[in-house]
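Structural description and commentary
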Amino acid sequence: MLNKLFENAGKKLQILAKVMFYVIFLGGTVYSIILAEYSLAYLLLIPASLLLGWVSNIALYAFGELCESIGYIRKNIYEMTVVTEKRFPDISKEFTER
């Protein structure tokens with residue numbers, strides 16, 4: 001059961017980044033609407049919370065995408081290696097002897 005916890009980490013990081021973005025944006029929006037009772041200038045917090053949510057989570061989302069891409073590359077390289085070894089056994093034998 002705990003093994004499933006760390007599978008597909010890239011996708012989980014992307015989901016976490018999206019959830020954190022929405023929490024920051026919605027929290028900032030609600031907070032600015034509450035403060036708008038005192039001054040309408042606080043409504044400027046809405047675009048600020050949008051920007052803050054995006055800036056604070058873009059790196060996490062990009063890292064999750066990078067992890068996911070590396071998984072795809074690893075899978076494709078493994079499949080290419082298996083096919084190459086089956087088609088050209090003499091070439092693969094040269095590399096394993098080194």
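Criteria and thresholds
Residues numbered from 1 in each chain as written. Predicted model: local features only at pLDDT ≥ 70, side-chain atom pairs only at ≥ 80, totals over all residues. Heavy atoms only, no water. Helix = DSSP H or I, 4+ residues; strand = E, 2+ residues; numbered from the N terminus. Rg over C-alpha atoms; globule rule 2.2 N^0.38 Å. Buried < 20%, exposed > 50% of the residue type's maximum accessible area, 1.4 Å probe, protein only. Contact = heavy atoms within 4.5 Å. Areas by Shrake-Rupley, 256 points an atom, 1.4 Å probe, with all protein chains shown as cover. Lys, Arg positive; Asp, Glu negative; His and termini not counted. Charge placed at Lys NZ, Arg CZ, Asp CG, Glu CD. Expected span 1.5 Å × (residues − 1). Axes fitted to C-alpha atoms, helices over the stretch in contact; angles between N-to-C directions. Parallel < 35°, antiparallel > 145°, perpendicular 65-115°, else oblique. Nonpolar A, V, L, I, M, F, W, Y, C, P; charged D, E, K, R; others polar. Bend = angle between axes of the 7 residues up to and from the residue. pLDDT = per-residue confidence, 0-100. Polar contact = N/O pair within 3.5 Å; in protein donor to acceptor, adjacent residues only side chain to side chain.

What to know about the overall build of the chain
Looking only at helices and strands, the chain has four helices and zero strands in total. Taken over C-alpha atoms, the radius of gyration comes to 24 Å for the chain, far larger than the 13 Å a tight globule of 98 residues would show. When the backbone C-alpha atoms are referred to their principal axes, the chain occupies close to 80 × 30 × 20 Å. Across the 98 residues in the chain, those meeting the buried criterion constitute 16%. Considering only contacts in the chain between residues 6 or more positions apart, those separated by 24 or more positions represent 63%. For the chain, the exposed surface amounts to about 8,200 Å²; the carbon and sulfur share of it is 71%. Taken together, the 10 basic and 9 acidic charged side chains of the chain have centroids lying 4 Å from each other.

Considerations on helix α2 (residues 9-35)
For α2, built from 27 residues, the straight-helix expectation of 39 Å at 1.5 Å per residue is met to within 8% by its first-to-last C-alpha distance of 38 Å. Considering only its buried residues, α2 is in contact with α3 (45-87).

Overview of the packing of α2 against α3
Packed helix pairs are characterised by how far apart their axes lie and by the angle those axes make with each other. Running from N to C, α2 and α3 point in directions that differ by 175 degrees, and their axes come no closer than 8 Å. When the axis of α2 is compared with that of α3, the two are roughly antiparallel. Looking at the contact of α2 with α3 residue by residue, the classes come out as 18 nonpolar, 10 polar and four charged.

Brief notes about α3
Taking 1.5 Å of rise per residue, 43 residues should cover 63 Å, and α3 covers 62 Å from first to last C-alpha, within 8% of that figure. The largest bend in α3 comes to about 40 degrees, at Asn57. Every buried residue of α3 is listed here: Ser49, Gly53, Asn57, Gly64 and Glu68. Buried residues along α3 sit against α2.

Brief notes about the confidence of the model for the chain
This prediction gives the chain a mean pLDDT of 87; 91% of its residues lie at or above 70. Per-element confidence in the chain ranges from a low mean pLDDT of 67 for helix α4 (residues 89-97) to a high of 94 for α2.

Here's the deal with the side chain of Ser32
Summarising the element assignment, Ser32 is placed in helix α2. Residue classification places Ser32 among the buried residues on the basis of a relative accessible area of 0%. Within the structure, Ser32 has its side chain in polar contact with the backbone oxygen of Thr29 (distance 2.8 Å). Residues in contact with Ser32, not counting those within four places in the same chain, are Tyr42, Leu43, Leu45 and Ile46.

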